There are 2 protein chains.
Amino acid sequence: MTQLPTNPAHEVRLRCRTSILRTTTSGLAPGHIQANLLILPSAAASHFRSLCARNPVPCPLLGSTPLTAIGNPKLLDDASLITTPDFDIRTDLPLYNIYRDGRLVGQKRDVCEEWTDDHVAFLIGCSFSFEAALERAGLAPRHWETGGNVPMYKTRRRLNPAGIFTDSYYVVSMRPYRPEDIERVRDVTRPFEGMHGEPIAWGWDGMRELGIENVGRPEFGERVHIREGEVPVFWVSAFEIC
Amino acid sequence: MTQLPTNPAHEVRLRCRTSILRTTTSGLAPGHIQANLLILPSAAASHFRSLCARNPVPCPLLGSTPLTAIGNPKLLDDASLITTPDFDIRTDLPLYNIYRDGRLVGQKRDVCEEWTDDHVAFLIGCSFSFEAALERAGLAPRHWETGGNVPMYKTRRRLNPAGIFTDSYYVVSMRPYRPEDIERVRDVTRPFEGMHGEPIAWGWDGMRELGIENVGRPEFGERVHIREGEVPVFWVSAFEIC
């Protein structure tokens, strides 16, 4: 019996579609780009594109469903930086958060019921990719040792406003390093432009300037141990729309 | 005697080249894009490109002399968003500031002596263009009434660091408007993406959040009168590298 060659990214999508995969996708399909998903009504779509164009570090837009075929959940816009055959944006992720009026109202395995012919889906770059590069450079992030999720913090740094998105803030992830390793850490992550790239702040002063008061109390993910002589290094991880 | 058709932008360049034009270019060659100029040694060029890519609002990169032909002052890179025939970056601006070790050490009508075969020139978008659009919409900026330069302020908002550029800050320009006009003002300037686009902050709280304490004391340009009922509206104007 011969095994057909499979695309590991397609495998992951199929396992989500059939609800076999129900956990985070971190570490899956290595070598492929992972993305975050945001689905919006079409009236907000051009504003969100503008937000991405004005804030490529927190909002690295990798692609979207077509603005010329709004409501099609199985096509990507020509301008997208990624190509993905055979996908359905409503089913191919392990879990969807459903928001109404800015409030999380539920979580579902698919959004087939919620998706309408007025929706546009946006794919935003994600930092899972550069962590493997740090590991290859002998600079594996601390949370890889414990197996938890990277600690993340809301900041008081604002995104440049765009249209209806006037009130959004940087969310950062933190990985501790020794000061003498920071330049190397910056060099390793700089090329990952569509995935937040190099850190935006480091050291205790950098932390305070972002408005983070307690590095031991992340808003998301799990706290990690900062060893003596190490300082926190902050990458942009996401953004929060208020 | 017949007059040959002339390109007004080319005319301006020639008048700079021959040192006839010695003033600001604001308002000249309407309909053409104006740009700010920054010339760097090639070792800093890729870092500066990265700074622009990570900060398109303060650093809208319109073009540069070619990285494949470093030191050529008469060609633009293929990736440039503007095309300009017959120019010499060393002579075609009215006045050049010369910096050494980050300090302004002089001003010259051309930089033919300073330019070496290791230099790269960058052209950065400028907000002169959107002011005409505001005027057409019946929202002429206040400083047009007095004929002065727009008031500009250093802020405490940082650019996302890139390579050697770790410590740079937004510089903003201010135009006062009534609160009920702000949405229209935002709409009019939003399309000017390569020229800083829509404002980044407005109102007195917005001002304080940028770290501006006294709107009557601009760091650059001239102060303008804010009438009763008006609030300051801030556009990104430039950046300061510390």
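See the structure printed just above.
Residues numbered from 1 in each chain as written. Chains lettered and ligands numbered in written order. Predicted model: local features only at pLDDT ≥ 70, side-chain atom pairs only at ≥ 80, totals over all residues. Heavy atoms only, no water.

A. The arrangement of the overall build of chain A in detail. Broken down by element type, chain A carries six helices and nine strands. Its C-alpha atoms give chain A a radius of gyration of 19 Å, within 12% of the compact-globule value 18 Å for 242 residues. When burial is assessed residue by residue, chain A has 49% of its 242 residues classed as buried. For chain A, the share of sequence-separated contacts (at least 6 apart) that also reach a separation of at least 24 residues comes to 69%. For chain A, the computed accessible surface area is about 12,400 Å², with 51% contributed by carbon and sulfur atoms. For chain A, the centre of its 27 positive side-chain charges and the centre of its 30 negative side-chain charges are spaced 2 Å apart. (Helix = DSSP H or I, 4+ residues; strand = E, 2+ residues; numbered from the N terminus. Rg over C-alpha atoms; globule rule 2.2 N^0.38 Å. Buried < 20%, exposed > 50% of the residue type's maximum accessible area, 1.4 Å probe, protein only. Contact = heavy atoms within 4.5 Å. Areas by Shrake-Rupley, 256 points an atom, 1.4 Å probe, with all protein chains shown as cover. Lys, Arg positive; Asp, Glu negative; His and termini not counted. Charge placed at Lys NZ, Arg CZ, Asp CG, Glu CD.)

B. Highlighting the sheet that holds strand 8 (residues 201–202) of chain A. Residue and element names in this part refer to chain A. The sheet built from four strands is open, its strands ordered 6-7-9-8 with antiparallel pairing. Two strands in the sheet have a free side with no partner beyond their single neighbour: strand 6 (152–158) and strand 8. Here strand 7 (residues 168–177) runs beside strand 9 (residues 231–241); their pairing, made up of ten bridges, is antiparallel. In the sheet register, Tyr170 faces strand 9, and the bridge partner there is Phe239. Across the sheet, helix 3 (residues 128–136) touches strand 7 and strand 9, and the angle it forms with strand 7 is around 20°. (Pairing = 2+ DSSP bridges. Axes fitted to C-alpha atoms, helices over the stretch in contact; angles between N-to-C directions.)

C. The arrangement of the packing of aromatic side chains in detail. Residues and elements named next belong to chain A. Enumeration according to the criterion identifies 14 aromatic pairs over all chains in this entry. Measuring from centroid to centroid gives 6.4 Å for Tyr177 and Trp235, while their planes differ by 70°, and the two rings are edge-to-face. Taken together, the residues span a long stretch of sequence, with Tyr177 in strand 7 and Trp235 in strand 9 at a distance of 58 residues. The same class applies to Tyr177 as to Trp235, namely buried. Following the ring pairs from residue to residue traces out a cluster consisting of Phe48, Phe122, Phe165 and Phe239. (Phe/Tyr/Trp six-rings, centres within 6.5 Å; stacked < 30°, edge-to-face > 60°.)

D. Examining helix 5 (residues 182–189) of chain B more closely. All names here are of chain B. Regarding helix 5, the residues found buried are Ile182, Val185, Arg186, Val188 and Thr189. Down the axis of helix 5, the buried set is contained in an arc of 165°. They therefore lie on one face. The elements touched by buried residues of helix 5 are helix 3 (128–136), strand 7 (168–177), strand 8 (201–202) and strand 9 (231–241). (Arc of directions from axis to C-beta.)

E. Local environment of unusual backbone geometry. In the Ramachandran plot, A:His196 falls in the positive-phi region, its phi being about 80° despite a non-glycine side chain. Following the sequence through the fold, A:His196 ends up in the loop between helix 5 (182–189) and strand 8. Even without being glycine, B:Ser19 reaches a positive phi, approximately 60°. Relative to the elements of secondary structure, B:Ser19 occurs in the loop between helix 1 (8–17) and strand 1 (35–41).

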